[in-house]
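So the chains spell out like this:
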Amino acid sequence: MNQSTDPELIVGIDLGTTNSLVAFCDDRGPRVLLDESTQALLPSVVRIDADGRMTIGREARDHAVEYPRETVHSVKRLMGQTIDQVRGDLDYLSYEVAAGEGAAARLRVHDRLLSPQEISAAILARLREIAQAALRRPVGKAVITVPAYFDDAQRQATRDAGRFAGLEVARIINEPTAAALAYGIGRSGEAETIAVYDLGGGTFDISILQIIPPSGADASIDSAFFQVRSTAGDTHLGGDDVDRLIVELVQREIRAQHGLALEFPPSTRQALRRFAEATKIRLSSEDSAAIQIDLGDGRTYERTITRDEFETMIAPWVDRTIDACRRALRDARLEPGEIDRVVMVGGSTRIPLVRQRVGAFFETNPYTAIDPDQVVALGAAVQAAILSGSQQAALLLDVIPLSLGIETMGGAVAKLIMRNSTVPCQATERFSTSVDGQTSIKIHVLQGERELAGDCRSLGEFHLRGIPPMPAGIPQLEVSFHIDVNGILDVTAVERRSGKRAAVQIVANHGLTAAEVDRIERDSISHARSDMKLHRIIDLRVNAALDLKWIRDAIKRVEGEIPPDYRRELDGRIAALQRFVDESEREPQSVDADAFHAAKEELDRASVRLHELSIARSLRDEG
């Protein structure tokens, strides 16, 4: 194709409080573009040197403690704001904020007054560089997202920042609409009412959207109508506030232990802020986080914050978001049960208490299938592709392009949903353990047509923990796949005897082009015979190993009651089957599957008498 006929290149940008991202959408679907270090997230942090040179991103963040006055973070909170509107943040920031013309908030660094737009422009320019390096093409246009409740001044400030960065802002799009586009909402054929809960580093908003789907033979996602029924939120409510709660706790306790007059200069405040952020992240996945701070002069502050203590601390913060949800529903004249789905956006939604409270309030399981840090950028890229005229068909599949399953013992794949199944669809299968006393089971979700896990595409994994220890084969593990009309895959695993449960959400077809799907299908056909043989060998090996274990255990129980001739027969059958098991581990392709199966069947038949002896022994022992 000639360059002149290519669609216009437009990228999607999420200009965030804590991190920013750039994404692009083509026939592979939307994807976040990585920098030269293969990092997706660009910290929204800028250091300004004395000569005016700016250092942007990870390096600026990592050295913020050394340069507290010169390092700017959380600038999104200052965009389009007056000095009076941001006074509540000033004590928390390590850099100086002053009043500019018209009382506009400005940053004073090295006696220079800088606008928040100039700092944001530096971040956008760096994202532009990342995009151009990743795409190997010039980038001059972008769709940039903003919170739904941003006013005209804040939106205009965002446009100005784009212009300063050398970007033509093709469109400013609300973050909730971007999130809906990233999930493909609007193509189900039915009207939907969704809530987008967006809790980032510095801002929160909740939007209730009415999605009126496209109609007619030529309809596409861009003809769907997204009507915002209501919105509520807070420009000063986000993960930064959680960090502040931890910092304030530490400061209070340090002063109580070492003197009320103890000062916290800018470098110390910056260090505490970084430390608090790391503690918050740990407590989102762990039950406790240890704190140890060297205060100098032989003084040390030590303590452990538990998950329960953390959740008690942040409960009022979460309550504020729920109150906003309640207001948004009231304004939309809706009840929680009338919301069809809740989409979670923003890194702060990883906090377990947030997900728990949101699910309880809306009486539904929130959508978490796409990385909450990336969903807005991905949606912006979809909007950019729509504006550029790119073909969207690859993004809007109505069927599952490839089979979905889980990895079983030995590296084989058990397929639960077959390719070309029409969505929505669901399937359930039962499995068990292969090791005695197993208390945790890894569920590895795979996509593909091959028979071995190593030849399929990994979609994700999670663990079902806390299973009571039982003999191998006794636990009853029920795995369920459910795919909704948007291609969102919910995987649930339940151990039926104990009731232990775990789950994960996955976008099943994300990131595959039509060409890649075709190649995977061709590979499955060309390797069908060898794959099926390997799968059969693996299943035989796993089942034979369990049989050998049970038979050897039974022999130990009735050792003195087995006739010598029968014992020799069993030993011979056991040795023959063990040879097949050993060979299948070393060189599975060289194993005769039919002979392997025959050896297993012969031992099964021969062991019937052994099991009868074992059962009789058990009955006598019980009597």
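Bear in mind that the values here come from a model prediction, so they are computed numbers and not experimental data.

### Comments concerning helix 8 (residues 352–362)
Right, on to step 1. Listing the buried residues of helix 8 in full gives Leu-353, Val-354, Val-358, Gly-359, Phe-361 and Phe-362.
Right, on to step 2. Along its buried surface, helix 8 packs onto strand 13 (192–199), strand 14 (204–212), helix 7 (307–332) and strand 18 (341–345).
Right, on to step 3. Of the residues trailing helix 8, Glu-363 is marked for its positive phi of about 60 degrees.

### Some words on the sheet that holds strand 7 (residues 71–72)
Right, on to step 1. Taken together, three strands build an open sheet; the order of strands is 6-5-7 and the sheet is antiparallel. Only two strands of the sheet have a single partner each, and these edge strands are strand 6 (54–56) and strand 7.
Right, on to step 2. Across the face of the sheet, helix 2 (residues 116–135) comes into contact with strand 5 (46–48), strand 6 and strand 7 while running at roughly 60 degrees to strand 6.

### Here's the deal with the sheet that holds strand 20 (residues 413–417)
Within a beta sheet, neighbouring strands are joined by backbone hydrogen bonds and run either parallel or antiparallel to one another.
Right, on to step 1. Strand order in the open sheet formed by four strands is 20-19-22-23, and the pairing between neighbours is antiparallel. The open sheet has two edge strands with one neighbour each: strand 20 and strand 23 (457–465). The average undirected angle you get between the axes of adjacent strands in this sheet is 30 degrees.

### Let's talk about the packing of helix 11 (residues 528–557) against helix 12 (residues 564–586)
Right, on to step 1. Two numbers describe how helix 11 lies on helix 12: the axes approach to 10 Å, and their chain directions differ by 145 degrees. Here the hand of the crossing between helix 11 and helix 12 comes out left-handed. Here Ile-537, Arg-541, Ala-544, Leu-548, Ile-551, Arg-552 and Ile-555 of helix 11 come into contact with helix 12, specifically with Arg-567, Leu-570, Ile-574, Leu-577, Gln-578, Val-581, Ser-584 and Glu-585.
Right, on to step 2. The class makeup of the residues in the contact of helix 11 with helix 12 is nine nonpolar, two polar and four charged.

### As for the pairing of strand 9 (residues 105–109)
Right, on to step 1. A one-sided burial pattern is seen for strand 9, the buried positions being Ala-105, Leu-107 and Val-109 and the unburied ones Arg-106 and Arg-108.
Right, on to step 2. Two elements, strand 8 (residues 96–99) and strand 9, share four bridges in a ladder whose sense is antiparallel. Residue pairing across strands places Glu-96 opposite Arg-108, the latter belonging to strand 9.
Right, on to step 3. The antiparallel hairpin formed by strand 8 and strand 9 contains five residues in its connecting segment, where Gly-102 sits at a positive phi of about 70 degrees.
Right, on to step 4. From the end of strand 9 to the start of strand 10 (residues 112–114), which pair antiparallel, there are two residues, and His-110 there has a positive phi angle of about 50 degrees.

### What to know about the packing of aromatic side chains
Right, on to step 1. Per the stated rule, a full pass over the model turns up three aromatic pairs.
Right, on to step 2. Aromatic pair Phe-580 and Phe-596: ring centres 5.3 Å apart, planes at 10 degrees, arrangement stacked. Here Phe-596 lies in helix 13 (residues 593–606) and Phe-580 lies in helix 12, a separation of 16 residues in the sequence.
Right, on to step 3. Exposure remark for Phe-580: the relative accessible area of 18% places this residue in the buried category.
Right, on to step 4. The buried category is assigned to Phe-596, whose relative accessible area is 0%.
Right, on to step 5. Against the face of Tyr-67 rests Arg-47, its NZ or CZ located 4.7 Å from the ring centre.

### Here we look at the packing of helix 4 (residues 175–182) against helix 9 (residues 375–388)
Right, on to step 1. Contact pair helix 4 / helix 9: the axes reach a minimum separation of 7 Å and the direction vectors enclose 80 degrees. By the angle class used here, helix 4 and helix 9 are roughly perpendicular. Only Val-375, Val-376, Leu-378, Gly-379, Ala-380, Val-382 and Gln-383 of helix 9 make contact with helix 4, whose side of the interface consists of Glu-175, Ala-178, Ala-179, Leu-181 and Ala-182.
Right, on to step 2. Residue composition of the contact of helix 4 with helix 9, grouped by class: nine nonpolar, two polar and one charged.

### Side note on the confidence of the model for the chain
Right, on to step 1. Overall, the prediction assigns the chain a mean pLDDT of 83, with 88% of residues at 70 or greater.
Right, on to step 2. Note that pLDDT drops below 50 for residues 217–222; the model gives that stretch eleven contacts with residues more than four away or on any other chain.

Procedures and definitions
Residues numbered from 1 in each chain as written. Predicted model: local features only at pLDDT ≥ 70, side-chain atom pairs only at ≥ 80, totals over all residues. Heavy atoms only, no water. Buried < 20%, exposed > 50% of the residue type's maximum accessible area, 1.4 Å probe, protein only. Helix = DSSP H or I, 4+ residues; strand = E, 2+ residues; numbered from the N terminus. Contact = heavy atoms within 4.5 Å. Pairing = 2+ DSSP bridges. Axes fitted to C-alpha atoms, helices over the stretch in contact; angles between N-to-C directions. Left-handed = near helix turned anticlockwise from the far one by under 90°. Nonpolar A, V, L, I, M, F, W, Y, C, P; charged D, E, K, R; others polar. Phe/Tyr/Trp six-rings, centres within 6.5 Å; stacked < 30°, edge-to-face > 60°. Lys NZ or Arg CZ within 6 Å of the ring centre and 35° of its normal. Parallel < 35°, antiparallel > 145°, perpendicular 65-115°, else oblique. pLDDT = per-residue confidence, 0-100.

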